[in-house]
Amino acid sequence: MSVTAIVGANWGDEGKGKMTDYLAGESDYVVRFQGGNNAGHTVINDYGMFALHLLPSGVFHANVVNILGPGVALNIAAFLREREEIISRGVPEPVLRVSDRAQLVMPYHVLFDKYEEDRLGKRKFGSTQAGIAPFYADKYVKVGVQVADLFNVDRLRSRIESALVPKNILLEHLYGKPTISVEDLLTDLLHDAERIKPFLCDTTALLHDALVADKRVLLEGQLGALRDPDHGIYPWSTSSSPLAGFGAVGAGIPPYAVQRIVSVVKAYSTCVGAGPFVTEILGQQAHELRERGGAEGEYGATTGRPRRVGWFDGVATRYGCRVQGATEVALTLLDVLGYLDEIPVCGAYEVDGEIRNDFPVPAELDYAKPVYQNLPGWKRDISSVREFKNLPFQAQDYVKCIEELVGVPVNWISVGPARESIIGPIIEQPVAAW
Ligand code: GDP
């Protein structure tokens, strides 16, 4: 059994899409196991530049089966729209399979996401308003709708009738908005049913057979470890677990099948929306890093919002790799730092006068201050380097410093947004150092 999980060690936007698109070239299946169309993965390859939201990043490889597993939040309209969009831009029709157990993001989830953020005003979470928090809330209070329910009209009607009772009370009395009619919603859902039907199957059985046949499977995480509801910066977290451990659950495969966990680590830090961000920088310094970062600046792939930026945070990333269970690191966006004379790296926090190496609980994070060391910059464009030994020695030292701080071997270094801008594999048999 050979399953590799590609997951984020930070706050998301680490470049998982790029790494998945690259590693999918040697894979048979790529599986999304959590989240929905709330975040974006940017992929740049021979077909152009794409921001994928719900489709797995293996869709550019004709021989890869791309799966949305049972743990995914399925917005049917968004799924179909995204698929049509990439095909209209010349990508060969991808092989896509959607779990018949995946639950549906309903139109009311999107409305509630927006209405609640509006109600919270200044206290809002900075949701991308794709309906994901209300979706997972409904799933766990057991009023969600599985996609297979669309093909049993009596069951579907009764599910949405009971879901809508409290929702219509909230719409009318809390938010002062129009209520939702069961019949209108049912008509729309039955229309969606026919459109999604060709993609549905028992993906758990499909993946079981794939593993028995020794096929190569990639799990693609969305967001990063610090957004995990249990282990992250709650409540500034997402609503599903982006951890490799949950990958097995959300994809429907045995936990022991996941043998490699590629933890994608950004060479500096970015964070979207509100919440504690210890190494955040502001002003002109931040503006410069934001404009030089990512493929076209550090702006959200889904919302276009400017991302908050900061220096590399060794405390948060070490913890992120630990809760991911990283066996290797893919260090991304190293090329971006080539303009700096000196690069601050945070190796510890100071909380109430005490030096801390372990990531504090959210209640303490607001008081944490970064302890920096400055490393010399390399002041060069490294985007065409393809071997570690050809990196400027300052860049090699930066990578080694990060490796030491996080305690996991760096196996890949990404030096540009395009598929081929990569160094690695660097090590033969990656194993975590801790
Ligand atoms: P994901 O959600 O983890 O896939 O990350 P995003 O796509 O949201 O953000 C990563 C951004 O960095 C995108 O704009 C990518 O095109 C870009 N990117 C990925 N790897 C590299 C890299 O090594 N160098 C540069 N300059 N940009 C990169």
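Residues numbered from 1 in each chain as written. Predicted model: local features only at pLDDT ≥ 70, side-chain atom pairs only at ≥ 80, totals over all residues. Heavy atoms only, no water.

Participant: I tried to follow the sheet that holds strand S7 (residues 95-99) on my own but got confused; where do I start?
Facilitator: In any sheet, the strands associate via hydrogen bonds between backbone groups, in a parallel or an antiparallel arrangement. With mixed pairing, the 10 strands of this open sheet are ordered in space as S9-S7-S5-S2-S10-S1-S11-S15-S19-S20. On the outer flanks of this sheet lie strand S9 (200-201) and strand S20 (422-423), each paired with one strand and no other. In this structure, strand S19 (residues 410-414) lies alongside S20, joined through 2 bridges in antiparallel fashion. Bridge assignment links Ile-413 to a residue of S20, and that residue is Ile-423. (Pairing = 2+ DSSP bridges. Helix = DSSP H or I, 4+ residues; strand = E, 2+ residues; numbered from the N terminus.)

Participant: Explanation requested: the pattern of salt bridges in the structure shown.
Facilitator: Oppositely charged side chains are able to pair whenever their charged atoms sit close together. Scanning the model with the defined rule gives 20 salt bridges in all. Residues Lys-16 and Glu-14 are paired through a salt bridge, measuring 2.6 Å at the closest nitrogen-oxygen approach. Residue Lys-16 shares its accessibility class with Glu-14, and that shared class is buried. One salt bridge in this structure joins Asp-28 and Arg-216, with 3.3 Å as the shortest N-O distance. Pair noted here: Asp-28 is in the loop between helix H1 (16-23) and strand S2 (29-32) and Arg-216 is in strand S10 (residues 216-224), with a separation of 188 residues, a long-range link. When its relative accessible area of 16% is taken as the criterion, Asp-28 is described as buried. For Arg-216, a relative accessible area of 38% puts it in the partly exposed group. Here the salt bridges do not stand alone but share partners, grouping Asp-13, Lys-266, Glu-298 and Arg-307 into one network. (Salt bridge = Lys/Arg side-chain N within 4 Å of Asp/Glu carboxyl O. Buried < 20%, exposed > 50% of the residue type's maximum accessible area, 1.4 Å probe, protein only.)

Participant: Honestly, helix H2 (residues 76-88) in this entry has me stumped. Any pointers?
Facilitator: Since the α-helix packs 3.6 residues into each turn, any two residues three or four apart lie on the same face. Spanning 13 residues, H2 covers 18 Å between terminal C-alpha atoms, matching the ideal 18 Å at 1.5 Å per step. Looking at the packing, one finds that the buried side of H2 touches strand S4 (48-52), strand S5 (65-68), strand S6 (73-74), S7, strand S8 (103-104) and helix H6 (182-196). You can read the cap of H2 off the contacts: a side-chain oxygen lies 3.2 Å from the backbone nitrogen of Ala-77, and it is on Asn-75. Just beyond H2, the residue with positive phi is Gly-90, at close to 100°. (Expected span 1.5 Å × (residues − 1). Contact = heavy atoms within 4.5 Å. Polar contact = N/O pair within 3.5 Å; in protein donor to acceptor, adjacent residues only side chain to side chain.)

Participant: So what exactly am I meant to see when it comes to the packing of helix H5 (residues 153-174) against H6 here?
Facilitator: Two packed helices can be described by the angle between their axes and the distance between those axes. With their axes 10 Å apart at the nearest point, H5 and H6 run at an angle of 135° to one another. On the basis of their axis angle, the class for H5 and H6 is oblique. Here the hand of the crossing between H5 and H6 comes out right-handed. For the pair formed by H5 and H6, the contact residues are Val-153, Leu-156, Arg-157, Ile-160, Glu-161 and Leu-164 on the first element and Val-182, Glu-183, Leu-185, Leu-186, Leu-189 and Leu-190 on the second. Residue composition of the contact of H5 with H6, by class: 9 nonpolar, no polar and 3 charged. (Axes fitted to C-alpha atoms, helices over the stretch in contact; angles between N-to-C directions. Parallel < 35°, antiparallel > 145°, perpendicular 65-115°, else oblique. Left-handed = near helix turned anticlockwise from the far one by under 90°. Nonpolar A, V, L, I, M, F, W, Y, C, P; charged D, E, K, R; others polar.)

Participant: Explanation requested: the site of the ligand in the structure shown.
Facilitator: If you check the shell around the ligand, you find 19 residues, and the closest are Lys-16, Gly-17, Thr-42, Asp-335 and Ser-414. For the ligand, an oxygen atom lies 2.9 Å from a polar atom in the backbone of Gly-15. In the model, an oxygen atom of the ligand is placed 2.9 Å from a nitrogen or oxygen of the Gly-40 main chain. Burial of the ligand by the protein amounts to 97% of the accessible area it has alone, namely 590 Å². Elements with a contribution of two residues or more to the shell around the ligand: H1 and strand S3 (41-45). Of the residues forming the shell around the ligand, the biggest block, 3 residues, is contributed by H1. (Near = heavy atom within 4 Å. Areas by Shrake-Rupley, 256 points an atom, 1.4 Å probe, with all protein chains shown as cover.)

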